[in-house]
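Now for the letters of each chain:
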Amino acid sequence: MKLTEERIVEAGMAVFAESGYHGLSMRRVAQRLDAQAGSLYYHVPSKSALVQLMADRVARQAYEAGTRALEALEDQEDQADLDARAGWQERVEAQLVTLRRSIRLHMGGAVMFADSPKVLSAGALSLMERLLETLRAAGVPEEHCGVAADALLSHVTGFVLQEQSQSPAVAIGAEEAAALRERFPLTVAAAAAFDEDEKFLRSVRLLCAGIGTLVPPAEA
């Protein structure tokens, strides 16, 4: 098949998923495509350029998924005739839920997304810009918006990094499990309280509740 930037990015993401950043090389990507490494440079000039393209793809997919979720939410808000500030937490939630879902589609997606601002991914910058717009429209003071948005996006990345960890779970017997429950009852109970989807949703709502305390009350 003819080499294209699209095929090279796909192969790069596959190699990244298997070996991580340090295992990614143009030579390994070329091997996956059954091509010569030199032929890749016509389409993608360097490993750093490839990483940028990969990170941007993950971020763009997340941005597009968030756009669809926000459009559906806006339809509901129009029907309810809500004011401009109402529902900002739901809009943040829609963006973060779809972001988590999107980066989970790619093994290593959280690492790629975490790198995306550093490589100036337009997709990642678009995600940040939209989240900042949501917080500003909600009335979050300007001096807090950047930190709040960064905290929200970092939370998603960290959550998915844990989900995508390839470290094997430690197998323990019933006796050891009982000892752990006795020694760390609160921690064990908290870990078993919710599945990952519910835990993520609740964590986002807790963050939004904290950010909400920064919003001055609407004038009567």
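Residues numbered from 1 in each chain as written. Predicted model: local features only at pLDDT ≥ 70, side-chain atom pairs only at ≥ 80, totals over all residues. Heavy atoms only, no water.

(A) Quick peek at the overall build of the chain. When you go through the chain residue by residue, the secondary structure sums to eleven helices and zero strands. Ordered by position in the sequence, the α and β elements of the chain form the string α-α-α-α-α-α-α-α-α-α-α. Once the C-alpha set of the chain is aligned to its principal axes, its extents read approximately 65 × 55 × 30 Å. Burial status across the chain gives 38% buried among its 220 residues. Here the analysis covers contacts within the chain between residues at least 6 apart in sequence; of these, 71% occur between residues at least 24 apart. Just so you have it, the chain exposes about 13100 Å², and 54% of that area is on carbon and sulfur atoms. Charged side chains in the chain number 22 positive and 31 negative. The centres of these two groups are separated by 8 Å. (Helix = DSSP H or I, 4+ residues; strand = E, 2+ residues; numbered from the N terminus. Buried < 20%, exposed > 50% of the residue type's maximum accessible area, 1.4 Å probe, protein only. Contact = heavy atoms within 4.5 Å. Areas by Shrake-Rupley, 256 points an atom, 1.4 Å probe, with all protein chains shown as cover. Lys, Arg positive; Asp, Glu negative; His and termini not counted. Charge placed at Lys NZ, Arg CZ, Asp CG, Glu CD.)

(B) Quick look at the packing of aromatic side chains. Following the criterion strictly, the structure yields one aromatic pair and no others. When the ring of F159 is compared with that of F200, the centres are 5.1 Å apart and the planes differ by 70°; the resulting orientation is edge-to-face. With F159 in helix α8 (residues 142-163) and F200 in helix α11 (residues 196-212), this pair connects stretches of sequence that are 41 residues apart. An identical accessibility class is assigned to F159 and F200; each is buried. Taking the ring centre of Y21 as reference, the NZ or CZ of K47 above it sits at 4.0 Å. Above the plane of the ring of Y63 lies R130, whose end atom (NZ or CZ) is 3.8 Å from the centre. (Phe/Tyr/Trp six-rings, centres within 6.5 Å; stacked < 30°, edge-to-face > 60°. Lys NZ or Arg CZ within 6 Å of the ring centre and 35° of its normal.)

(C) Structural detail: helix α5 (residues 88-104). Along its 17 residues, α5 runs 25 Å from first to last C-alpha, staying within 8% of the 24 Å computed at 1.5 Å per residue. With respect to burial, α5 is a largely interior element, twelve of its 17 residues being buried. All of the buried residues along α5 are W88, R91, V92, E93, A94, Q95, L96, T98, L99, R100, S102 and I103. (Expected span 1.5 Å × (residues − 1).)

(D) Up close: α8. In a regular helix each residue adds 1.5 Å, so 22 residues correspond to 32 Å; α8 covers 33 Å between its end C-alpha atoms and thus fits that length. For α8, the set of buried residues is C145, A148, A149, L152, L153, V156, T157, F159 and V160. Angular distribution of buried residues about the axis of α8 spans 165°; they occupy a single face of the element. Facing away from the buried surface of α8 by more than 90 degrees, the exposed residues are E143, V147 and Q162. Against the buried residues of α8 lie α5, α6 (109-115), α7 (122-138) and α11. (Arc of directions from axis to C-beta.)

(E) View of the pattern of salt bridges. Under the criterion given, the structure shown has ten salt bridges. Between D197 and R100 there is a salt bridge; the shortest N-O distance is 2.9 Å. Here R100 lies in helix α5 and D197 lies in helix α11, a separation of 97 residues in the sequence. Relative accessible area serves as the criterion here: at 47%, D197 is assigned to the partly exposed category. Under the relative-accessibility criterion, R100 is labelled buried at 6%. When the shortest N-O distance is used, the salt bridge between K199 and E196 registers 3.3 Å. Remark: E196 and K199 occur in helix α11; sequence separation between them is three residues, near one turn of the helix. Its relative accessible area of 35% is what places E196 among the partly exposed residues. Through salt bridges that share partners, R100, R104, E163 and D197 make up one connected network. (Salt bridge = Lys/Arg side-chain N within 4 Å of Asp/Glu carboxyl O.)

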